[in-house]
Amino acid sequence: MKSRKIYILYVLQCFFIGLLVLVMLGYKMQVERKGFLDNEMFSENVHGLQMSSGELQEMVDFRLPQIQDQPYMLYRYLSYGANECVRGVYGTQDVFGFSKYLASGRFFSKEDHEDAKPVAVLGSRAYSNAVERDGKSIYVYNNTEYEVIGVFAQNDTLLDRAVFLNLTALEETMSQYCGVYYVDAPDKAVVEDVVQRIREDSGGAWTIFDVEHETPGSVQMGKMGFTLFVFSSISALLCLLITTIFLISGQRYSIAVKKLVGMTKREMFIENIRKMGMVCASAFGLICGAMAVFTNVLKVPFFITSDVGIVHYGILGAALLLLGAGNALYATRLTGSVELSTVLKGR
């Protein structure tokens, strides 16, 4: 009975620690997402370039850099107003996952850029400026019609006012335009490489100035959130490690009894695997159940909007399995170091 209570407490500890890790992970990803949106949909790696030629300041005929081997996005700044934030957008891939913010439709594809298709992706608020024509939603910019292929979900950020126009199509309709560009990527080294290649490709035809984009405090909060997540996880795991050591070490008497009645190491290992398997399965089931209650029953906003997905549950489940297997091996190894006479005498 006493042993059963100890295992129940261990299950509860694994449950609360696993739930804590998922909650902190969700918080970290939410802060990062909010920081990205509050930062005008730029990461902290963004690098701005102002292109100018001769005496026509900020009026250039700049062609896209032919750099296909790097995961990056290139934006052309067009306008920033109370109702709309208009940009030309080009990306070798959707490196910042804009697709996951969509309420309907899709984001730009490689074919859209290669074929210079006049297409656009709009925020929920900017979508009110689109018109219906021949069964399609059309957004007009600079007397050019762009078919709306996607609409972002409302989230009360700048993304609601976003007007993303296919940059390759935009170039074909404007011979001169404001030459303020932003290169962005998850990897700062990629941004630096693309910027360097843009400078080299210009061949000195344009004067290029760096444009600094100020990062708001929300991105700094993202770093604080990451630090909080790391230290909280380390503290929880150390606590679990200490508990595990005491749990297994406390079984010295029962191990001695089992050896006394003739149980082999193999039999003990199988028994330990069975016990720890039940512990880990119970803890994982409780974690999934609690997350389901928070999300589907109580409908707690934090859990509903959390980015925690099946991959994270899979990693947590694998971690619990490793913990159970490690505990079983530890308990089995302890078998060889137990002195029957010493333990049974209570020493």
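Thresholds applied
- Throughout, a residue's number is its position along its own chain's written sequence, starting from 1.
- Thresholds applied to this predicted model are a pLDDT of at least 70 for local features of residues and 80 or more for the giving and counting of side-chain atom pairs; totals over whole chains, interfaces and linings are not thresholded and use all residues.
- As a convention, hydrogens and water are excluded, and side-chain values are obtained from all of the structure's heavy atoms.
- By the criteria applied, helices consist of DSSP H or I runs no shorter than four residues and strands consist of E runs no shorter than two, each listed in order from the N terminus.
- Only protein chains enter the calculation, and the probe is 1.4 Å; a residue is then buried if its accessible area is under 20% of its type maximum, exposed if over 50%, and partly exposed in between.
- Working rule for contacts: check all heavy atoms of both residues, and any pair within 4.5 Å makes them a contact.
- Each accessible area value is a Shrake-Rupley result obtained with a 1.4 Å probe; residue values ignore everything except the protein chains displayed when judging cover.
- Polar contacts here mean pairs of N or O atoms no more than 3.5 Å apart (in protein, one a potential hydrogen donor and the other a potential acceptor; neighbouring residues in sequence count only if both atoms are side-chain atoms).
- Per residue, pLDDT captures the predictor's confidence, and it can take any value from 0 to 100.
- Residues form patches when they are more than 30% accessible in relative terms and have no salt bridge. Like charges link within 9 Å. Nonpolar side chains (Val, Leu, Ile, Met, Phe, Trp, Tyr) link within 5 Å.
- Should a side-chain nitrogen of Lys or Arg be within 4 Å of a carboxyl oxygen of Asp or Glu, the pair is scored as a salt bridge.

A. Molecular detail of the overall build of the chain. When helices and strands are tallied, the chain shows 10 helices and 13 strands. When each of the 347 residues of the chain is scored for burial, the buried share is 44%. Summarising the internal contacts of the chain: among those between residues at least 6 apart in sequence, 79% fall at separations of at least 24. Carbon and sulfur atoms make up 59% of the accessible area of the chain, which totals about 18300 Å².

B. Structural detail: the side chain of Asn327. In this fold, Asn327 is placed in helix H9 (residues 310–337). Side-chain polar atoms of Asn327 contact the side chain of Tyr10, separated by 3.1 Å. Non-local contacts of Asn327, meaning those with residues more than four positions away in its chain, are made with Tyr10, Thr244, Ile248 and Met276.

C. Up close: the confidence of the model for the chain. Averaged over all residues, the pLDDT of the chain equals 81, while 80% of them reach at least 70. Element-level pLDDT for the chain is lowest in strand S2 (residues 59–60), with a mean of 48, against a maximum mean of 97 in strand S6 (residues 119–122). Segment residues 55–61 is flagged for pLDDT under 50; beyond a separation of four residues in sequence, or across chains, it makes 23 contacts in the model.

D. Molecular detail of a nonpolar patch on the surface. There is a patch of nonpolar side chains on the surface, built from Ile8, Leu9, Leu12, Phe16 and Leu286 and spanning about 480 Å² of accessible area. Per element, the largest residue contribution to the nonpolar patch is 4 residues, and it comes from helix H1 (residues 2–38). On the secondary structure map, Leu12 appears in helix H1. The class of Leu12 is partly exposed, set by a relative accessible area of 34%.

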